[in-house]
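The residues making up each chain are set out below.
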Amino acid sequence: MRKYVIIGAVGSGKGTQSGLLARDLDIVHISVGDIFRWHVKNHTKLGAQVRRVMASGGLVGDDLAEGVVRDRLAQHDWNYGFVVDGFPRSRRQTEFFLESYDIDGVIHLDLPDEEVRRRVLARRLCSGCGMDYNLIEDRPTQEGRCDVCGGELVSREDDTEKALAERLRDYHEKTDPILELFGRKEYVVTVDARPGIDEVQRTLRERLGLPMP
């Protein structure tokens, strides 16, 4: 059983790298951000709370985040392990995670702020089917329209200059203590997130001692 945490600023490729790792190792990818976005899209009570926080550029509170992670991992569909992205995001969440689950490694995707801005402000989401696009590397065939369903492509509600600046501030203030806590147990491997997807995946597997598919 393999259990990993992946940490990085918005736009660093956490979801993509987690997905590749999960697919090839037959482990479960748990994206806390995707769980929150599902609740927002489906207008749940939790979704209303999350939407207010996301629109302001802030981070979801500890109680809410811990509860979502606890409930998700309690489903026990991760027979061969899991990779979690989007959690933990504070010292308290890190302590909760270390106390509750044995993990094998923490992958830190390191990306300069300027590259974060370039990537994030190029992101688009289909308003119809939810397909993700990035106008830097994954442009639709028809400008502004989804290739899958033809829906209008829009920016995410929290992908604005103001919200991004706030998120980066929060991220830097809270990530260093998180990495320090994980680092005390020699869990952390830091990987440059600027190269292409395949190169980043190859590097993180080398650092974790995992084979390429």
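Residues numbered from 1 in each chain as written. Predicted model: local features only at pLDDT ≥ 70, side-chain atom pairs only at ≥ 80, totals over all residues. Heavy atoms only, no water.

J.: I would appreciate a short explanation of the packing of helix α1 (residues 14-25) against helix α8 (residues 197-208) in the present structure.
T.: Between α1 and α8, whose axes approach to 10 Å, the crossing angle comes to 60°. When the axes of α1 and α8 are compared, the pair comes out oblique. Considering only the axes of α1 and α8, their crossing is right-handed. Judged by residue contacts, Thr16, Gln17, Leu20, Leu21 and Asp24 of α1 engage Ile197, Val200, Gln201, Leu204 and Arg205 from α8. For the contact of α1 with α8, the per-class residue count stands at five nonpolar, three polar and two charged. (Axes fitted to C-alpha atoms, helices over the stretch in contact; angles between N-to-C directions. Helix = DSSP H or I, 4+ residues; strand = E, 2+ residues; numbered from the N terminus. Parallel < 35°, antiparallel > 145°, perpendicular 65-115°, else oblique. Left-handed = near helix turned anticlockwise from the far one by under 90°. Contact = heavy atoms within 4.5 Å. Nonpolar A, V, L, I, M, F, W, Y, C, P; charged D, E, K, R; others polar.)

J.: Would you mind going over the UniProt feature "domain: Adenylate kinase active site lid" (unreviewed entry) in the protein chain with me for this structure?
T.: Summarizing the sequence annotation, UniProt attributes the feature "domain: Adenylate kinase active site lid" (unreviewed entry) to residues 123-158 in the numbering used throughout. Each end of residues 123-158 is marked by a C-alpha atom, and these two atoms are 11 Å apart; helix forms 0% of the span and strand 25%. (UniProt positions renumbered as here; feature names shortened; annotations may be inferred.)

J.: What is the right way to look at the pattern of salt bridges in this model?
T.: Side-chain pairs of opposite charge can arise where the charged atoms are in close proximity. Within this structure, the stated rule accounts for 14 salt bridges. In this structure, Asp77 engages Arg72 in a salt bridge whose closest nitrogen and oxygen atoms are separated by 3.0 Å. (Salt bridge = Lys/Arg side-chain N within 4 Å of Asp/Glu carboxyl O.)

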